[in-house]
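Given next are the chains, with one letter for each unit.
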Amino acid sequence: MTDNSLRDHFLIASPYLEDPRFHGSVIYLCEHSDEGALGLVLNQPLDIQLGEILEQLDLDGADLELPVFLGGPVQPERGFVLHNPGTTWQSTSPVSGGVTLTTSRDILKAIGEGTGPEDFVVALGYSGWGEGQLEDELASNSWLTCPASPDLLFHTPWQDLYAAVLAGMGIDLNQLSESVGHA
């Protein structure tokens, strides 16, 4: 990891980002290095509930009416669970002191049985950038960044996340202009 890594940061779409897939998005960056970056969109729910996915996987928890998010356009069939640390699952990686990422089925089984992590977000697919790509997009003012917090990540309703992260940065969305630039 480089010294200027944005791992454990929110990536907030500038209102003028041209890619419509990311308009109004808040992405949690799970990895950022010289080789590229990987993050999950946290505020674009899919038209499916977690219980439906658990039922499709023949797991308990079909009654769970929790949103599942489109983590990004890459590998939308692949599942990711961001959660608070504690239990380690088959494929778990720490992201920060307060956030862990798991990609194995055993965590979904535990969630369905009510023995999973206390705080979690489930996403299908991820957002990825190749070497230097995110840095180029940052330089062109496509994204804003700020350190993430587990409280915003796990306890802010998805509908409020974009405004809450911007407010935490002291930014009034109505005062942003198309010429966001560098001083």
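Residues numbered from 1 in each chain as written. Predicted model: local features only at pLDDT ≥ 70, side-chain atom pairs only at ≥ 80, totals over all residues. Heavy atoms only, no water.

Caption draft 1: How the structure looks around the pattern of salt bridges. The final tally for this structure, using the stated rule, is three salt bridges. A salt bridge links glutamate 113 to lysine 109, with the shortest nitrogen-to-oxygen separation between them at 2.7 Å. Residue glutamate 113 and its partner lysine 109 are located together in helix H2 (residues 105-113), separated by four residues, close to a single helical turn. Taking relative accessible area as the criterion, glutamate 113 reaches 41% and is therefore assigned partly exposed. (Salt bridge = Lys/Arg side-chain N within 4 Å of Asp/Glu carboxyl O. Helix = DSSP H or I, 4+ residues; strand = E, 2+ residues; numbered from the N terminus. Buried < 20%, exposed > 50% of the residue type's maximum accessible area, 1.4 Å probe, protein only.)

Caption draft 2: Highlighting helix H5 (residues 158-168). Of all the residues in H5, the buried ones are Leu161, Tyr162, Val165 and Leu166. End-on, the buried residues of H5 take up no more than an arc of 110°, which puts them together on one face. In H5, the exposed positions that point more than 90 degrees away from the buried face belong to Gln159, Ala163, Ala167 and Gly168. Phi turns positive one or two residues past the end of H5, at glycine 170, with a value near 80°. (Arc of directions from axis to C-beta.)

Caption draft 3: Here's a closer look at the packing of aromatic side chains. Evaluation of the coordinates by the stated rule reveals four aromatic pairs. Ring centres of phenylalanine 22 and tryptophan 143 lie 5.7 Å apart, and the angle between their planes is 70°; on these two criteria the pair is classed as edge-to-face. Here phenylalanine 22 is found in the loop between strand E1 (9-13) and strand E2 (26-33), whereas its partner tryptophan 143 is found in strand E10 (residues 143-147), with 121 residues between them in sequence. Neither phenylalanine 22 nor tryptophan 143 differs from the other in exposure class; each is buried. (Phe/Tyr/Trp six-rings, centres within 6.5 Å; stacked < 30°, edge-to-face > 60°.)

Caption draft 4: Structural view of H2. Taken as a whole, H2 has its buried residues at Ile107, Leu108, Ala110, Ile111 and Gly112. For H2, the elements touching its buried residues are helix H1 (50-56), strand E6 (74-83), strand E8 (100-102) and strand E9 (120-129). Two residues or fewer past H2, glycine 114 is found with a positive phi of approximately 80°. (Contact = heavy atoms within 4.5 Å.)

Caption draft 5: Representation of the nonpolar core in the model. Core analysis: the largest hydrophobic core is formed by 26 residues, its most contacted members being Phe10, Tyr28 and Leu82. Looking at this core, the elements with two or more residues in it are E1, E2, strand E3 (36-41), E6, E9, E10, helix H4 (150-155) and H5. Among the elements that make up this core, the one with the highest residue count is H5 (four residues). Counting 14 residues, the second-largest nonpolar core is a separate cluster that includes Ile53, Leu59, Val68 and Ile107. (Core = buried A, V, L, I, M, F, W, Y, C linked by side-chain atoms within 4.5 Å.)

Caption draft 6: The arrangement of the environment of phenylalanine 10 in detail. Mapped onto the secondary structure, phenylalanine 10 falls in strand E1. For phenylalanine 10, a relative accessible area of 0% translates into the label buried.

Caption draft 7: Looking closely at a negative patch on the surface. On the surface, Asp47, Glu52, Glu55, Asp58, Asp63 and Glu65 cluster together into a negatively charged patch. As for its position among the elements, aspartate 58 is in the loop between H1 and strand E5 (67-70). (Patch = residues over 30% accessible without salt bridge, like charges linked within 9 Å, V, L, I, M, F, W, Y side chains within 5 Å. Areas by Shrake-Rupley, 256 points an atom, 1.4 Å probe, with all protein chains shown as cover. Lys, Arg positive; Asp, Glu negative; His and termini not counted. Charge placed at Lys NZ, Arg CZ, Asp CG, Glu CD.)

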